[in-house]
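# An overview of the molecular structure
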Amino acid sequence: MSLLVVGLSHRSAPVSILERAALSGETQVKLLQDTLAAEPAAEGTVLATCNRIELYADVDKFHAGVAELSTLLAQHSGVGLEELTPYLYVHYEDRAVHHLFSVACGLDSMVVGEGQILGQIKDALALGQEQHTAGRLLNDLFQQALRVGKRAHSETGIDRAGQSLVTFGMERLVDGAGTDAGAAGLDGLSAADVDTWAKGKRALVIGAGSMSSLAAATLARSGVSEVVIANRTLARAERLAQILSEPGGTGVTARAVEMVAVGDELTRADVVVSCTGATGLVLTAEAVETAAQNRRTPLALLDLAMPRDIDAAAHRIPGVRLVDIESLAEASADAPMAADVDQVRAIVSDEVAAFGAAQRAAHITPTVVALRTMAADVVASEVARLEGRLPDLDDKQRAEITQTVRRVVDKLLHAPTVRVKQLASEPGGAGYADALRTLFDLDPETVASVSRADLNDADVKNRGRV
């Protein structure tokens, strides 16, 4: 079996396609179920964010796997296969590992170095575990990706190469606000400039998920006077408002409202951040225009949803500044890259090599275990035969003979098994397991049973990790 990823992102597809291809939570579950039902795939999980949709699978056939995964993505995204195919990319085996590790480090993000992708990778693994579609390979892969991402952020200054989409989006709002800070241009902005712009403003955050929570906390730390949280489930909005207003939180004045109150709150807010899972518009151009007509100060809108929450036509309304995923993608293309990016790339390359070696070594382990099991059976059979021929042996003699035979077998097998594990961990070492099975005439079913047992153990151990 081999790792395959088929997907599309802001690097391969226009925002209009990503917007249409966005997957809801229920759709992701159905996609995983159908992926495992497909013949080429034995494992699967999906990484779906506001600017990427990737399907990871362990497949036994490359071409059949690519065709099946592409078809499934088209079926569940609602974008026809012919229209979707030009925007899809495919990574296989080590390239697939390299891709996910790069994603985990923020190298493939719209804003290089942003750290929120780690939480999204964690969610993707949790979904695969909950649906029992992530087996040993994907558990190992995604767990390692999380470790690699954390290593990159702790050992390098990749965070300085970019910010979260929330921070970057706020910088874009400041950049177009006509202030002294904004006039300096995006490259000249600092956290202090954003804080100066945000200080004393009223903020409305629509949604209470991870991105919306991050936006609310960022606004609160930037010095806004009030944060209003609107969400379809009022209880979630209330929990977020409580966390923000607690002394141990940000200490900002925060309150929760139902979605029906968004129109009224829009007339009072100075800055609005929206990121929901809605499939249609949350704020129409008409609603924004009505709010703009009833106010004297500019209205700043930040849309971080995919598909979009705010009508793109709102940017044409006088007194309204709209920044959305599409405009962020255009701005980030010219964002400066930090020197630390090269160091992170080196980390990714090292980790990919280490992961490949570990997987190749693990591939031969069931064969080695089966060989030692066969040797133990031979020892037991010969000792039993000896007992039949020498019934007068006492317990001490019998134990000494048994131990001697076992030591001889262990010494004979030690060097070959250690060496074959070393060879198997090297590139091109996958054939050593087959050679070992052939040389010792090992029963394939015995090897398979060891693999299944190991897989079940790994599944039990990994379920509670995320």
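Here the structure is shown first, and the text comes after it.
Okay, so let's go over this structure. These figures come from a predicted structure and were not determined experimentally. (Residues numbered from 1 in each chain as written. Predicted model: local features only at pLDDT ≥ 70, side-chain atom pairs only at ≥ 80, totals over all residues. Heavy atoms only, no water.)

## Concerning the overall build of the protein
This is how it is decided: Each helix is a run of DSSP H or I of at least 4 residues and each strand a run of E of at least 2, with the numbering of both proceeding from the N terminus. Categorising residues by exposure relies on relative accessible area from a 1.4 Å probe, with only protein chains included: less than 20% of the type maximum marks a residue as buried, more than 50% marks it as exposed, and the intermediate range marks it as partly exposed. The contact definition used throughout considers only heavy atoms, calling two residues in contact when any of these lie within 4.5 Å. Reported accessibility uses the Shrake-Rupley method at a 1.4 Å probe radius. Residues are deemed covered only where the shown protein chains occlude them.
Within the protein, the regular secondary structure consists of 19 helices and 10 strands. Counting across all 466 residues of the protein, residues that qualify as buried make up 49%. Sequence-distant contacts in the protein: of pairs separated by 6 or more residues, those separated by 24 or more amount to 72%. Put simply, the protein shows about 21,900 Å² of open surface, and 51% of that area lies on carbon and sulfur atoms.

## So, the packing of helix 8 (residues 165–175) against helix 11 (residues 210–222)
Rule in force here: Axis definition: a line fitted to C-alpha atoms, limited for helices to the stretch in contact. Angles are taken between N-to-C directions and run from 0 to 180 degrees. Note that the term roughly parallel is reserved for angles under 35 degrees, roughly antiparallel for angles over 145, roughly perpendicular for angles of 65 to 115, and oblique for everything else. Definitions for this section: a left-handed crossing has its near helix turned counterclockwise from the far helix by less than a right angle. A right-handed crossing has that turn clockwise.
The interhelical angle for the contact between helix 8 and helix 11, taken along N-to-C directions, is 55°, at an axis separation of 9 Å. Between helix 8 and helix 11, the interaxial angle falls into the category oblique. Helix 11 is crossed by helix 8, and the crossing has right-handed handedness. Seen from helix 8, the contacting residues are L165, V166, T167 and M170; seen from helix 11, they are M211, L214, A215, T218, L219 and S222.

## Description of the sheet that holds strand 6 (residues 226–231)
The line we're drawing: Should DSSP find at least two bridges between two strands, the strands are regarded as paired.
Taken together, the 6 strands give an open sheet; going across it, the order is 7-6-5-8-9-10, and neighbouring strands pair in parallel fashion. In this open sheet, the two edge strands, each paired with only one partner strand, are strand 7 (253–258) and strand 10 (320–324). The average angle at which neighbouring strand axes cross in this sheet is 15°, direction not considered. Summarising the sheet, strand 5 (residues 202–206) and strand 6 pair through 5 bridges and their orientation is parallel. Within strand 6, the position partnered with A203 by the bridge is V227.

## A short note on the packing of helix 5 (residues 94–104) against helix 6 (residues 116–130)
As a reminder of what qualifies: The classification used treats Ala, Val, Leu, Ile, Met, Phe, Trp, Tyr, Cys and Pro as nonpolar, Asp, Glu, Lys and Arg as charged, and all other residues, Gly among them, as polar.
Two elements in contact, helix 5 and helix 6, have axes separated by 8 Å at closest approach and are oriented at 130°. With respect to helix 6, the element helix 5 is oriented oblique. Taking contact as the criterion, the partners of L100, V103 and A104 in helix 5 are, on helix 6, I117, L118 and I121. Partitioning the contact of helix 5 with helix 6 into residue classes produces 6 nonpolar, no polar and no charged.

## Description of the nonpolar core
Stated formally: Nonpolar cores were defined as sets of buried Ala, Val, Leu, Ile, Met, Phe, Trp, Tyr and Cys residues, with membership established by side-chain atoms within 4.5 Å.
Counting 67 residues, the largest nonpolar core has L165, V227, I229, L244 and L304 as its most contacted members. If sequence neighbours within four positions are ignored, V227 has contacts with A203, V205, A216, L244, V252, T253, A254 and R255. In this structure, L3, Y56, I117 and A124 belong to the second largest nonpolar core, which totals 34 residues.

## Quick look at the pattern of salt bridges
Side chains carrying opposite charge are able to pair once their charged atoms draw close together. Formally: For this analysis, a salt bridge means a side-chain nitrogen from Lys or Arg found within 4 Å of a carboxyl oxygen belonging to Asp or Glu.
The tally for this structure, following the rule as stated, stands at 20 salt bridges. As a salt-bridge pair, E83 and R20 come within 2.7 Å of each other at their nearest N and O atoms. Of this pair, E83 sits in helix 4 (residues 81–84) while R20 sits in helix 1 (residues 15–21); the two residues are 63 residues apart in sequence, bridging distant segments of the chain. In this structure, the salt-bridge partner of R255 is E265, at a minimum N-O distance of 3.0 Å. A residue pair is termed long-range when its members are at least 10 positions apart, and R255 in strand 7 and E265 in helix 13 (residues 262–268) qualify at 10 residues. Look at R255 and you get partly exposed, because its relative accessible area is 30%. Among the residues examined, E265 registers a relative accessible area of 6% and is labelled buried.

## Some points on the sheet that holds strand 1 (residues 2–9)
Read from one edge to the other, the open sheet built from 4 strands follows the order 2-3-1-4, with strand pairing classed as antiparallel. Taken across any chain shown, the strands that pair with only one partner, and hence form the sheet edges, are strand 2 (41–49) and strand 4 (89–92). Averaged over all pairs of adjacent strands, the angle between strand axes in this sheet comes to 15°, irrespective of strand direction. Sheet topology places strand 1 next to strand 3 (residues 52–59); 8 bridges connect them, and they run antiparallel. Bridged to L8 within strand 3 is I53.

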